[in-house]
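# Coordinate inspection notes
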Amino acid sequence: MTRTHGKLHLSAFVTAGPGRASGWLDPRAEHGWLSAAYYQKIGRILESGRFDLAFFPDILAVPNRYNGSIEGQVRYGALGSLRLDPTPILSNIAAVTERLGLAATVSTSYQQPFHVARTFATLDHISGGRSAWNIVTSFQDAEAKNFGHAEHIGRDERYAKADEFLEVSAKLWDSWAADALVLDRQNARFANPDKIEAIHHQGRWFNVQGPLNVPRPPQGWPVLIQAGASDAGRDFASRWADVVFCSHASFESAKEFYSDVKARAVRHGRRAEDIKILPDITPVIGRTTEEAQKRKARLAELVPDVAGLSTLAYHMDIDLSQFPLDEYLPALKNPSIVGHYDEVVEITRREGLTLRQLGKQYGGRTEGNFIGTPSEIANGLEQWFTEGAGDGFTVTATDQPGAFQEFVDTVVPELQRRGLLRTEYEGNTLRENLGLATPAPGAWRERIARNR
Ligand SMILES: Cc1cc2nc3c(=O)[nH]c(=O)nc-3n(C[C@H](O)[C@H](O)[C@H](O)COP(=O)(O)O)c2cc1C
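Please read these numbers as outputs of a predicted model, since none were measured by experiment.

### Some words on empty space enclosed by the protein
A full pass over the atoms with the stated rule returns two cavities of 30 Å³ or more. By volume, the second largest cavity is sized at about 40 Å³. Taken together, Pro283, Ile285, Val395, Thr396, Ala397, Ala403, Phe404 and Phe407 make up the lining of the second largest cavity. Elements represented by at least two residues in the lining of the second largest cavity include exactly β14 (392–396) and α15 (402–417). Here the lining of the second largest cavity takes three residues from α15, the largest share from any one element. Of the residues in the lining of the second largest cavity, the class split is seven nonpolar, one polar and no charged.

See below:
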């Protein structure tokens, strides 16, 4: 599929913590994770670069998948060593921005739908229709153990639970008609009781009476984001998601994923353009190709191998301490995190990396494809966009906020010059900027799995 018109969308992957270990070791990195001003500065940078949204991932435990210990994470400041709750951070960014979308990750495995639906409805109101929810089902036993469970529930079960969670959330957002709030002082009518209804949901996982105590969000529902890679994950995403994140080592695998998820959405009665697929990229930018390659090598040098390996062990849900450090990562038949494992095996083979070298690169977050001058990076993005591998990109920073500023100063103008990126926001709400319709009340009926 070759695209001949339209603009690409940009999401920024912002961590409320150091991110990869290079994210605090790099001399350019700022260490402001515990201050609101740090996130507000990032929000302003992204809005000046006309990003659609700032997206915050989340983890509900300090990962201990490497050798059953948190040491590799906390000693070296790796991915899950320190992580603030993203939702209050988004309120702070909302206060200093006007158009930037605001996305937080919340797990359907450990929270309650009433609480989550209420939080995102609130954020949607106070931001003027800019909220988004990245729906994850979580995959770590360490996370289960923080919520009273011995181990994590199996994949099919957790997606079935996610489906019901979304159904309840959507019913709650629909529980107020858009015009239910009247505020008629003269007749002492605050809201119209005929337009606010309880939901009386009785299900396998949740019993919720409703209604919500927050009026219908300006966007109808917040923008829904998902990143499932397995068959169950892709199916869930193709029914519920407005935006899909994914991670791919090659153009070919990104293309395969793109057409598969779009085809699944169409099979569920949606239009291919109702779902925006934004593959994850980590640009490493230089004034010359050599300078960018040197920066990539420097970032990997900064990071102790165990910092990267303890993060990779978390991402792949495999204890990598069992494999020899000076050999290749073995190909496994049934990896627990489908997609990501194969992707990492592909990178190690392509670049000829031992596990030790892979750990350093992974900790430096430079394992991706987009390394070079701004125009070389724009060439790659243009190819992925026009040849059907993405509707845009999720940009991760090697360091915050420096790498975002650099991307906005160098790659963004290049994309704008080529007519691939907006120079002004098209609308006020995130849905408007993404070109997505507002879901009609009751739209959840078409989204739930038929054979749940
Ligand atoms: C770009 C990207 C971001 C993700 N962010 C998170 C996250 O913040 N928290 C989380 O628990 N899982 C996150 N995941 C994991 C996915 O939600 C999902 O569990 C994983 O891709 C495996 O897919 P599956 O659940 O269908 O097996 C992310 C995945 C990708 C590709």
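### Some remarks on the pattern of salt bridges
Overall, the coordinates contain 31 salt bridges when judged by the stated rule. For the salt bridge of Arg234 with Glu256, the shortest nitrogen-to-oxygen distance reads 3.5 Å. One end of the pair, Arg234, is in helix α8 (residues 231–240); the other, Glu256, is in helix α9 (residues 251–267), and 22 residues separate them in sequence. You can call Arg234 buried: its relative accessible area is 14%. A relative accessible area of 42% places Glu256 in the partly exposed class. Linking Arg287 and Glu291 is a salt bridge whose minimum nitrogen-to-oxygen distance equals 2.7 Å. Accessibility expressed as a relative area gives 30% for Glu291, which makes it partly exposed. What emerges from the salt-bridge pattern is a single network uniting Asp26, Arg28, Arg295, Asp399 and Glu406.

### Some details on the packing of aromatic side chains
Each pair of aromatic rings is reported with the distance of its centres and the angle of its planes. What the rule picks out here adds up to 18 aromatic pairs. With a centroid separation of 6.3 Å and an interplanar angle of 80 degrees, the aromatic rings of Trp133 and Trp173 are classed as edge-to-face. Taken together, the residues span a long stretch of sequence, with Trp133 in strand β4 (residues 131–136) and Trp173 in helix α7 (residues 155–173) at a distance of 40 residues. In terms of burial, Trp133 and Trp173 fall into one category: buried. Through a chain of ring-to-ring contacts, three or more aromatic side chains come together here, namely Phe120, Trp133, Phe165, Trp173, Phe206, Trp221 and Trp240. Lying over the aromatic face of Tyr362, Arg20 brings its terminal NZ or CZ to 4.0 Å of the ring centre.

### Side note on the environment of Ile347
Looking at the element boundaries, Ile347 is found in helix α12 (residues 340–351). Assessed through its relative accessible area of 3%, Ile347 is described here as buried. Sequence-wise, Ile347 and Asn369 are 22 residues apart; in three dimensions their C-alpha atoms are separated by 9.7 Å.

### Quick notes on α8
In terms of burial, α8 is largely enclosed, as seven of its 10 residues are buried. Each element contacted by the buried residues of α8 is listed here: β4, α7, β9 (223–226), β10 (243–246), α9 and α17 (444–447).

### Quick notes on the site of the ligand
Lining the immediate environment of the ligand, one finds 18 residues, of which Asp58, Arg155, Tyr159, Ala227 and Ser230 sit closest. Within the contact set of the ligand, an oxygen atom lies 2.9 Å away from a backbone nitrogen or oxygen of Ala227. A distance of 3.1 Å separates an oxygen atom of the ligand from a polar atom in the backbone of Ala229. Its free accessible area being 620 Å², the ligand has 89% of it covered by the protein chains. Contributions of two or more residues to the shell around the ligand are made by α7 and β10. It is α7 that contributes the most residues to the shell around the ligand, three residues altogether. Class assignment of the residues belonging to the shell around the ligand gives a composition of 10 nonpolar, five polar and three charged.

### Comments concerning the sheet that holds strand β11 (residues 276–281)
Hydrogen bonding along the main chain pairs the strands of a sheet, whether they run parallel or antiparallel. If you trace the eight strands once around the closed barrel, you get β1-β2-β3-β4-β9-β10-β11-β14, paired in parallel fashion. Going from strand to strand, the sheet's axes swing by 25 degrees on average, the running direction of each strand aside. Across five bridges, strand β1 (residues 9–13) lies against β14 in parallel orientation. Bridging across to β14, Ser11 finds its partner in Thr394. Contacts from α9 reach β10 and β11, with the element oriented near 155 degrees to β11. Against the sheet, helix α14 (residues 374–386) engages β11 and β14, with an angle of about 140 degrees to β14.

### Regarding the packing of α7 against α8
One can describe the packing of α7 onto α8 by two numbers: an axis separation of 10 Å at closest approach and a directional angle of 15 degrees. One finds that α7 runs roughly parallel with respect to α8. Seen along the crossing, α7 lies across α8 with a hand that is right-handed. For the pair α7 and α8, contact is made by Arg155, Asp156, Tyr159, Ala162, Asp163, Leu166 and Glu167 and by Ala232, Gly233, Phe236, Arg239 and Trp240, respectively. Looking at the contact of α7 with α8 residue by residue, the classes come out as six nonpolar, one polar and five charged.

### Let's talk about the packing of α12 against helix α13 (residues 355–363)
Direction vectors running N to C along α12 and α13 enclose 115 degrees, while the axes themselves pass 11 Å from each other. Taken together, the axes of α12 and α13 lie roughly perpendicular to each other. Viewed along their axes, α12 and α13 form a crossing whose handedness is right-handed. Contacts between α12 and α13 involve His340, Val344, Thr348 and Glu351 on the former and, on the latter, Leu358, Gln361 and Tyr362.

### Some remarks on unusual backbone geometry
Omega for the bond connecting Gly210 with Pro211 falls within 30 degrees of zero, at 0 degrees, which places this linkage in the cis form. Positionally, Pro211 belongs in the loop between β8 (207–208) and β9. Residue Pro401 is reached from Gln400 by a cis peptide bond, and omega for that bond is -10 degrees. Relative to the elements of secondary structure, Pro401 occurs in the loop between β14 and α15. Here Asn67, not a glycine, exhibits a phi torsion of approximately 60 degrees, which is positive.

What counts, and at which threshold
Residues numbered from 1 in each chain as written. Predicted model: local features only at pLDDT ≥ 70, side-chain atom pairs only at ≥ 80, totals over all residues. Heavy atoms only, no water. 1 Å grid on protein atoms, 1.4 Å probe; cavity = no way out; pocket = protein on both sides within 12 Å on 5 of 7 lines; lining within 4 Å. Points joined across faces, edges and corners; volume = space filled by probe spheres on them. Helix = DSSP H or I, 4+ residues; strand = E, 2+ residues; numbered from the N terminus. Nonpolar A, V, L, I, M, F, W, Y, C, P; charged D, E, K, R; others polar. Salt bridge = Lys/Arg side-chain N within 4 Å of Asp/Glu carboxyl O. Buried < 20%, exposed > 50% of the residue type's maximum accessible area, 1.4 Å probe, protein only. Phe/Tyr/Trp six-rings, centres within 6.5 Å; stacked < 30°, edge-to-face > 60°. Lys NZ or Arg CZ within 6 Å of the ring centre and 35° of its normal. Contact = heavy atoms within 4.5 Å. Near = heavy atom within 4 Å. Polar contact = N/O pair within 3.5 Å; in protein donor to acceptor, adjacent residues only side chain to side chain. Areas by Shrake-Rupley, 256 points an atom, 1.4 Å probe, with all protein chains shown as cover. Pairing = 2+ DSSP bridges. Axes fitted to C-alpha atoms, helices over the stretch in contact; angles between N-to-C directions. Parallel < 35°, antiparallel > 145°, perpendicular 65-115°, else oblique. Left-handed = near helix turned anticlockwise from the far one by under 90°.

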